[in-house]
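One letter stands for each residue in the lines below.
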Amino acid sequence: MNTERSSARALAAVFSGHGLPFRLEEFPIPAPGPREILVEITCSTICGSDLHTWHGRRQEPTPCVLGHEIVGRIVAFGPGAPRMDLRGDPLREGDRITWTLAASCGECFFCTRGLPQKCEHLFKYGHSAISPGREFSGGFAECCVLTAGTGIIRLPDDLSDAMAAPANCAVSTVAAAIRLAGNLEGSTVAVLGCGVLGLTACAMARQAGAAEVIACDLDADRRSSAESFGAGQFARPDHLKSLSRELTHGRGCDVILEFSGSNAAVAGGIEVLRTGGTAVIAGTTTPCGPIDLDPNDLVRRMLTLRGLHNYGPDDLVTAVDFLIQARHRFPFHDLCGDSFRLEGIDAAFESSTARAGLRTAVMP
Ligand SMILES: [Zn+2]
Ligand SMILES: [Zn+2]
């Protein structure tokens, strides 16, 4: 937070709707309420979902402060705020942290059934309209108020802000997908779609012991960038079936991890599964129509199809641990794009649009 201005106020980039420039506004810094934590933001990265909103492809309540991939330092604890992170490590003022993209109540029907991301009282950072006194609810601002039910994790100093910020979105979602897929030791895994999620999935599947990782994408450049992220085989969608058979004595893949969001990819992925195989489908986040699926095929091939949306707090721990362990094995730093000050946020969104596949950072 800028010391040249009144220390009691901080900046936020307010989004008012598609086609309108961000408005930088100063608001009073709130004292954290019960079970809340005030954080000074050091970095937020622009996610594909922020871009969807900015381009008008997705509607969010406005005015709002976008951004949910956030790193910051703890400034103050409200009464009863958690003093431990998701690992059980103590939290103190000044600690550098990131946190779950959503806060959940822990007590409702879905929270008590292992689906905190579907909490009946879910709050998502960067997704709600601001109101007086509740402006600091997203990443593109100088500070953020963490609400009760947020899963927090302390970050080691040697994990950079730009690399750590996407941990709470892309990397955690992939961690959840791999959790749903089960033990990957010795398995053949096909990753469908080689954007940031797919590249991360190649690396995480390899780190989890997959014997072979097939990167599948329409785009040749995206396929080849998967090589440094652990993929050993590469296929266009129309070649996936023959390659899978060739690699598995005709049986097919043990697991497919779907991040492309394409109907054809989902259908093609299910087709290449071996008997008893598992598909985790996470890419289709907007309605895109039905696919052909003969239930007899499910029955006879004993397939498991799992849908995944977002993730739970434990997946954030897995994601951060993975980045700490694997950041020298796989070039995650290559996924960091340009960085901009908060004043340059419109240019940051333009840069992020032009350089899809890289995470553009906004550092207040
Ligand atoms: Zn995100
Ligand atoms: Zn709940």
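Note that this is a predicted model, so its numbers are computed, not measured. (Residues numbered from 1 in each chain as written. Chains lettered and ligands numbered in written order. Predicted model: local features only at pLDDT ≥ 70, side-chain atom pairs only at ≥ 80, totals over all residues.)

The helix and strand inventory of the protein chain stands at ten helices and 16 strands. Taking 364 residues into account, the globule formula puts the C-alpha radius of gyration at 21 Å, and the protein chain, at 21 Å, falls close to it. Looking at the 364 residues of the protein chain, the share that counts as buried comes to 49%. Expressed as a percentage of contacts within the protein chain between residues at least 6 apart in sequence, the contacts between residues at least 24 apart total 70%. (Helix = DSSP H or I, 4+ residues; strand = E, 2+ residues; numbered from the N terminus. Rg over C-alpha atoms; globule rule 2.2 N^0.38 Å. Buried ≥ 20, exposed ≤ 12 C-beta atoms within 10 Å, placed from the backbone. Contact = placed C-beta atoms within 7 Å.)

What follows deals with the nonpolar core. With 110 residues, the main nonpolar core has Val191, Cys202, Ala205 and Leu257 as its most contacted residues. If you count residues domain by domain, this core takes at least three from each of domain 1 (9-168 + 331-363) and domain 2 (172-307). Not counting residues within four places of it along the chain, the set of residues in contact with Ala205 comprises Ile178, Leu184, Val189, Val191, Ala210, Val213, Gly230 and Leu257. (Core = buried A, V, L, I, M, F, W, Y, C linked by C-beta atoms within 7 Å. Domains from an automatic or database assignment.)

What follows deals with unusual backbone geometry. A cis amide bond links Thr62 with the next residue in sequence, Pro63, at an omega value of -5°. Among the structural elements, Pro63 can be located in the loop between helix H1 (48-54) and strand E4 (69-77). Here Met302, not a glycine, exhibits a phi torsion of approximately 50°, which is positive. Within the secondary structure layout, Met302 lies in the loop between helix H8 (295-301) and strand E14 (304-307). Of note, Asn310 is a non-glycine position whose phi angle comes to about 55°, a positive value. In this structure, Asn310 sits in the loop between E14 and helix H9 (313-326). The class for Asn310 is buried, based on 20 C-beta atoms found within 10 Å.

What follows concerns the domain arrangement of the protein chain. Domains assigned within the protein chain are domain 1 (9-168 + 331-363) and domain 2 (172-307). In this complex, domain 1 contributes six residues to the contact, which on the side of domain 2 involves four residues. Its residues placed into classes, the side of domain 1 that touches domain 2 shows three nonpolar, two polar and one charged. (Nonpolar A, V, L, I, M, F, W, Y, C, P; charged D, E, K, R; others polar.)

Here H9 is 14 residues long and its end C-alpha atoms lie 20 Å apart, about the 20 Å a rise of 1.5 Å per residue gives. Among all positions in H9, only Pro313, Asp315, Leu316, Thr318, Ala319, Val320, Phe322 and Leu323 are buried. Looking at the buried residues of H9, the elements they touch are strand E5 (96-103), strand E8 (150-154), helix H2 (161-164), helix H3 (170-181) and helix H4 (196-207). (Expected span 1.5 Å × (residues − 1).)

Most of strand E10 (residues 212-216) is tucked away, with four of its five residues classed as buried. With respect to chirality, the unit in which strand E9 (residues 188-192) leads through H4 into the neighbouring parallel E10 is right-handed. Strand direction decides the pairing type here: E10 and strand E11 (residues 233-235), joined by three bridges, are parallel. Note that in E11 the partner of Ala215 across the bridge is Phe234. (Right-handed = clockwise from strand over helix to strand, strands pointing away. Pairing = 2+ DSSP bridges.)

So, on to the sheet that holds E14. One open sheet accounts for six strands, arranged E11-E10-E9-E12-E13-E14; its pairing is parallel. Edge positions in the sheet fall to E11 and E14, since each has one partner strand and no second. Geometrically, the sheet is characterised by an average inter-axis angle of 20° between neighbouring strands, direction not taken into account. Relative to strand E12 (residues 253-258), E9 runs parallel, the two sharing four bridges. Among the inter-strand pairings, Val189 is bridged to a residue of E12, identified as Val255. Of the strands in this sheet, E9, E10 and E12 are in contact with H4, which crosses E9 at around 170°. (Axes fitted to C-alpha atoms, helices over the stretch in contact; angles between N-to-C directions.)

A few words now on the environment of Ser137. Mapped onto the secondary structure, Ser137 falls in the loop between strand E6 (123-124) and strand E7 (143-146). If sequence neighbours within four positions are ignored, Ser137 has contacts with Val65, Tyr125, Ser128, Ile130 and Val145.

So, about the packing of H3 against H4. Orientation of H3 relative to H4, taken along the N-to-C sense of each, is 50°, at an axis distance of 9 Å. As summarised for this structure, H3 and H4 are arranged oblique, according to the angle between their axes. Crossing geometry of H3 relative to H4 is assigned as right-handed. For the pair H3 and H4, the contacting residues are Ala170, Val171, Thr173, Val174, Ala175, Ala177 and Ile178 in the first and Val196, Leu197, Thr200, Ala201, Met204 and Ala205 in the second. (Parallel < 35°, antiparallel > 145°, perpendicular 65-115°, else oblique. Left-handed = near helix turned anticlockwise from the far one by under 90°.)

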